[in-house]
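Residue-level structure breakdown
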Amino acid sequence: MAKAIYKGLPKEHEFVVVKRDLQDKFWEGKAELQPAGTVVDGDVYILAVKPISFHPATEPLVDKDEVVISIMAGISKDMICERMQNEDVVRCMPNLPVSIGEGYIPYTVTTEKAERRFKELFSPLGHLESTEEEYLDALTALTGTSPLYISVFIDALLDAGIKVGLPREMVRTAAVQCTIGGARYLQHEKIHPMELKDMVSSPAGTSIHALHNLEKSGVKAAIIDAVEMAYNRSKQLKSLREI
Ligand SMILES: NC(=O)c1ccc[n+]([C@@H]2O[C@H](COP(=O)([O-])OP(=O)(O)OC[C@H]3O[C@@H](n4cnc5c(N)ncnc54)[C@H](OP(=O)(O)O)[C@@H]3O)[C@@H](O)[C@H]2O)c1
């Protein structure tokens, strides 16, 4: 995710990346690389480590005054404030499309200073949504994981297109564009998805036949189960941090 965030941020910023693997070629020519444990002076600190690495990774950042932005799942603002002895904390949950400025980023803050700095820095990454912290675990399961759900859906359309005899390249463009178009249409018209279903389902037509099979296969239930499982896992990560 650190790489996705970097890609979406304006390059006028100066980046220092602190990590364990200094052979990572991605950062060559993009950022100054420093080994894990280095004390770095920055204007803002972005915590993009796994929850299990929270303690070792923040060791050099305890008692800093600058705003801390965490993207870690399951680690609360209070835990970050207490650990880092810093009152200006943002906890947010970006998703992969931040790399092209199309992210959805729910966030919660401790102070106005933290929110101001966060908005200045992260606005180019996509839609910033202020939210209560109690919703962040659930949003992680829904929005953080959403690129996966969309990918599985598009992959299924690809297989389907091949099965009904379409050329591979044509199916790929069609599946991606129709997914974007369908989502943009819902966004633009501000209608409920089931209204769209009624609009496209003509009596005895192709769509209602397709829908019948989707319902029989339990597609909606599978998606609901997936989000619920991701939600439960997000809550579990808090305790894994202790291992
Ligand atoms: N993946 C997503 O779609 C997504 C979305 C939203 C939020 N998140 C959150 O983002 C965080 C990172 O996830 P990820 O998928 O990007 O994981 P990842 O690819 O494993 O990246 C973790 C990074 O942490 C670095 N790191 C580990 N220990 C460190 C230490 N002691 N000091 C400094 N750096 C250290 C690693 O450096 P090395 O490579 O050098 O080991 C690596 O660059 C997680 O907390 C996750 O909940 C992920």
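Every chain's residues receive numbers from 1 upward, in the order its sequence appears when written. Totals for whole chains, interfaces and linings use all residues, but because this is a predicted model, local features are given only for residues with pLDDT of at least 70 and pairs of side-chain atoms are given and counted only at 80 or more.

Describing the pairing of strand 6 (residues 103–109)
Once C-beta atoms are placed from the backbone, each residue is buried if 20 or more other C-beta atoms lie within 10 Å of its own, exposed if 12 or fewer, and partly exposed for counts between those two. Only DSSP runs of H or I reaching four residues or more are called helices, and only runs of E reaching two or more are called strands; each is numbered from the N terminus. The element strand 6 is extensively covered by neighbouring structure, given that six of its seven residues are classed as buried. Of the strand pairs in this sheet, strand 5 (residues 89–92) and strand 6 are connected by three bridges, and their pairing is antiparallel. Across the sheet, V90 pairs through a bridge with V109, a residue of strand 6. Being paired, for any two strands, means DSSP has found at least two bridges between them. Relative to strand 7 (residues 126–130), strand 6 is paired through five bridges, and the arrangement is parallel. For I105, the partnering residue across the bridge sits in strand 7 and is L128. Tracing the backbone out of strand 6, into helix 4 (residues 112–122) and back to the parallel element strand 7 gives a crossover that is right-handed. A crossover gets the label right-handed when its path from the first strand over the helix to the second runs clockwise, viewed with the strands pointing away from the viewer.

Points about the nonpolar core
In these notes, a nonpolar core means any group of buried Ala, Val, Leu, Ile, Met, Phe, Trp, Tyr and Cys residues linked to one another through C-beta atoms within 7 Å. In this structure, V68, V90 and F118 are the most contacted members of the largest nonpolar core, which totals 32 residues. Listing elements by their share of this core, those giving two or more residues are helix 1 (2–8), strand 3 (44–47), strand 4 (67–70), helix 3 (77–84), strand 5, strand 6, helix 4 and helix 5 (136–144). A residue pair is marked as a contact if its C-beta atoms, positioned from the backbone, fall within 7 Å. Aside from chain neighbours lying at most four places away, what touches F118 is V67, I69, V90, Y107 and V109.

Concerning the domain arrangement of the protein
Per the annotation, domain bounds derive from an automatic or database assignment of domains. Taken domain by domain, the protein holds domain 1 (2–131) and domain 2 (146–237). Relative to domain 2, the C-alpha centre of domain 1 lies at a distance of 33 Å. Contacts between domain 1 and domain 2 engage six residues on the former and five residues on the latter.

Thoughts on the packing of helix 6 (residues 146–163) against helix 7 (residues 168–189)
Pairs of packed helices are described in terms of their axes, by the angle between the two and the distance that separates them. Remark: helix 6 packs on helix 7, axes separated minimally by 9 Å, with the N-to-C direction vectors making an angle of 140°. When the interaxial angle is binned, helix 6 and helix 7 end up oblique. As helix 6 runs across helix 7, the sense of the crossing is right-handed. Within the contact between the two elements, helix 6 uses I150, F153, I154, L157, L158, G161 and I162 and helix 7 uses R168, V171, R172, A174, A175, V176 and T179. Residues belonging to the contact of helix 6 with helix 7 are distributed by class as follows: ten nonpolar, two polar and two charged. Helix axes are fitted to C-alpha atoms over the stretch in contact, other axes to C-alpha atoms as well, and angles between N-to-C directions run from 0 to 180 degrees. Roughly parallel means an angle under 35 degrees; roughly antiparallel, over 145; roughly perpendicular, 65 to 115; everything else is oblique. Crossings are assigned a handedness: left-handed for a near helix turned anticlockwise from the far helix by less than a right angle, right-handed for a clockwise turn. Amino acids are sorted into nonpolar (Ala, Val, Leu, Ile, Met, Phe, Trp, Tyr, Cys and Pro), charged (Asp, Glu, Lys and Arg) and polar (every other residue, Gly among them).

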